[in-house]
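# Close look at the chain arrangement
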Amino acid sequence: MHASPATTSAPTSPATSRNITVLGAGAWGTAVAIALAARHDVLLWGRDRAAMAALDAARENTAYLPGFALPPALRVGADLGAALAHVQTGADAAADAGRAPLLIAACPVAGLRPLLLQLAPHDIDHIVWLCKGFESGTGLLPHQVAREVLGAGVLGAALSGPSFAQEVARGLPCALTVGSESAELRERVIGAVHGGNIRVYSCDDLIGVEVGGAVKNVLAIATGVADGLGLGLNARAALITRGLAEITRLGGALGGRPGTFMGLTGMGDLILTCTGDLSRNRRVGLALAQGKPIETIVAELGHVAEGVPCAKAVRALARRLGVEMPITDAVAGVLFDGDSAPAMVERLLARDPRDEIA
């Protein structure tokens, strides 16, 4: 049976409807497309023609978001040219900022550069990404990847915050933050996404927004390990709190502002990902506590768990910057160095005492 939204949105009016293209038909891209299709003219694009044809025929993303029917008005396809033409700024949109189109990239961090390389030959003026993490190999944040590929002339924004795809697709309440150096693009995103059961806040600290969204995935793995070992709620609270300290230290070293990490994309996303049963990264930690190898865990998960590659990238970055991140270091030890989950816990508990606010 297909799930239905929790609430019914008001009919879309021509004055408020926008053309929106979502590039990436995974769970999160599909959920965002479903949510926005209630108010806008949305096109969901995926690179696999056969998969997109099957999705359109079934009107359900059985591979990544089963159980959620696509709204009748939501268009899907694998033609990138048509997807981009859908959000080309026409005369009407240019004259009315309230109708400006929106281009959203809904791919994992590993897929961001390849996707942007496909977009580079086309005439786009902005891009909004939903991915959270550091690029493997380069250690770059998404905005740095976008700038490398597209140049500084294309406006960029991160839409982030505590959000599970299944709940967004169901129409349950959700609060997000759009981070961008461009006030114009922030307002465009808010105008398109804010409404119904989705609330969107604005933030000009793009680095802080991205760092919080990236590192919380690593910490969710640590919390999953602790829960899987039965260490109790006290240990979970300690890991979340000290994890927030790690996010703040690294984010500050990269130029983020401390206050950003107290908000939705820092503390909010951290709490959700560390405690929610829908969290993929938490499930990775639970499986590690059972002694399963990471290759088996990833294969069984069937979805991308961004915390796994992110742990390696964050550990390398922290060491290069001289930032102390013991929880992240311990997680990376289990994932990549052959350490056991109990050894990870022993390593953290054996650390010398220190001042808390440091």
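Residues numbered from 1 in each chain as written. Predicted model: local features only at pLDDT ≥ 70, side-chain atom pairs only at ≥ 80, totals over all residues. Heavy atoms only, no water.

## So, the domain arrangement of the protein chain
Per the domain assignment, the segments making up the protein chain are domain 1 (19–204) and domain 2 (215–350). On the domain 2 side, the residues contacting the 23 residues of domain 1 number 25 residues. Taking both sides of the interface into account, the surface hidden between domain 1 and domain 2 amounts to around 1,800 Å²; carbon and sulfur atoms contribute 69%. Its largest share of buried area at the contact with domain 2, domain 1 owes to Phe134, Pro162 and Phe164, together 37% of the area lost on that side. Joining domain 1 to domain 2, the criterion identifies 2 salt bridges. Where lysine 132 meets aspartate 269, a salt bridge forms, and the shortest distance between an N and an O atom there is 2.7 Å. For the pair domain 1 and domain 2, the number of links is 3 residue pairs in polar contact (both at pLDDT 80 or more). Within the residue set of the side of domain 1 that touches domain 2, elements represented by two or more residues are helix 7 (165–170), strand 9 (174–179) and strand 10 (198–203). Take the side of domain 1 that touches domain 2: its biggest share by element is 3 residues, from strand 9. The residue inventory of the side of domain 1 that touches domain 2, partitioned by class, reads 12 nonpolar, 7 polar and 4 charged. (Domains from an automatic or database assignment. Contact = heavy atoms within 4.5 Å. Buried area = accessible area lost by both parts, 1.4 Å probe. Salt bridge = Lys/Arg side-chain N within 4 Å of Asp/Glu carboxyl O. Polar contact = N/O pair within 3.5 Å; in protein donor to acceptor, adjacent residues only side chain to side chain. Helix = DSSP H or I, 4+ residues; strand = E, 2+ residues; numbered from the N terminus. Nonpolar A, V, L, I, M, F, W, Y, C, P; charged D, E, K, R; others polar.)

## Quick word on the nonpolar core
The biggest cluster of nonpolar side chains holds 46 residues, and the ones touching the most others in it are Phe134, Val215, Val284 and Met344. Breaking this core down by element, the ones donating at least two residues are helix 9 (206–228), helix 10 (232–254), helix 11 (264–275), helix 12 (280–289), helix 13 (294–301), helix 14 (307–321), helix 15 (326–336) and helix 16 (341–349). Among the elements that make up this core, the one with the highest residue count is helix 9 (10 residues). Residues Leu36, Met52, Leu70 and Ala165 belong to the second largest nonpolar core, which totals 42 residues. (Core = buried A, V, L, I, M, F, W, Y, C linked by side-chain atoms within 4.5 Å. Buried < 20%, exposed > 50% of the residue type's maximum accessible area, 1.4 Å probe, protein only.)

## Side note on the side chain of threonine 21
Residue position: threonine 21 is located in strand 1 (residues 19–23). Residues contacting threonine 21, with those up to four places away along its chain left out, are Leu43, Ala83, His86, Val87, Leu102, Leu103 and Ile104.

## Things to note about the pattern of salt bridges
Under the counting rule described, the total for this entry stands at 19 salt bridges. Taking the shortest distance from any N to any O, the salt bridge between aspartate 227 and arginine 282 comes out at 2.3 Å. Note that aspartate 227 is positioned in helix 9 and arginine 282 in helix 12, a separation of 55 residues in sequence. An identical accessibility class is assigned to aspartate 227 and arginine 282; each is buried. A single salt-bridge network, built from bridges that share partners, covers Asp227, Arg236, Asp277 and Arg282.

## Quick look at the packing of helix 10 against helix 11
At a minimum axis separation of 10 Å, helix 10 and helix 11 run at an interaxial angle of 140°. In this structure, helix 10 crosses over helix 11, and the sense of that crossing is right-handed. Residues Arg236, Ile240, Gly243, Leu244 and Ile247 of helix 10 lie in contact with helix 11, whose contacting residues are Gly266, Met267, Leu270, Ile271, Cys274 and Thr275. Taken together, the residues that form the contact of helix 10 with helix 11 break down as 7 nonpolar, 3 polar and 1 charged. (Axes fitted to C-alpha atoms, helices over the stretch in contact; angles between N-to-C directions. Left-handed = near helix turned anticlockwise from the far one by under 90°.)

## Side note on the pairing of strand 7 (residues 126–129)
Alternating positions in strand 7 separate into two faces, His126 and Val128 on one and Ile127 and Trp129 on the other, with burial throughout. The sheet contact formed by strand 6 (residues 102–105) and strand 7 spans 2 bridges and is parallel. Note that in strand 7 the partner of alanine 105 across the bridge is tryptophan 129. At this point the chain moves from strand 6, through helix 5 (residues 109–119), to the parallel strand 7, and the crossover so formed is right-handed. Sheet topology places strand 7 next to strand 8 (residues 155–160); 4 bridges connect them, and they run parallel. Of the residues in strand 8, the one forming a bridge with tryptophan 129 is alanine 158. Each parallel crossover has a hand, and for strand 7 linked through helix 6 (residues 142–150) to strand 8 it is right-handed. (Pairing = 2+ DSSP bridges. Right-handed = clockwise from strand over helix to strand, strands pointing away.)

## A word on unusual backbone geometry
Outside of glycine, negative phi angles account for most residues, and trans bonds account for most peptide bonds. Positioned with a positive phi, arginine 59 is a non-glycine residue whose angle comes to about 55°. Note on placement: arginine 59 falls in the loop between helix 2 (49–58) and strand 3 (60–61).

## Here's the deal with the environment of alanine 78
Inspection of the secondary structure assignment puts alanine 78 in the loop between strand 5 (75–77) and helix 3 (80–85). A C-alpha to C-alpha distance of 17 Å links alanine 78 and leucine 112, two positions 34 residues apart in sequence. Apart from residues lying up to four places away in sequence, alanine 78 is in contact with Trp45, Gly46, Arg47, Asp48, Arg49 and Met52.

## Section: empty space enclosed by the protein
Under the counting rule described, the total for this entry stands at 1 cavity of 30 Å³ or more. Estimated volume of the largest cavity: approximately 40 Å³. Taken together, Trp28, Val32, Ala35, Leu36, Leu159, Val168, Leu176, Val193 and Ile198 make up the lining of the largest cavity. (1 Å grid on protein atoms, 1.4 Å probe; cavity = no way out; pocket = protein on both sides within 12 Å on 5 of 7 lines; lining within 4 Å. Points joined across faces, edges and corners; volume = space filled by probe spheres on them.)

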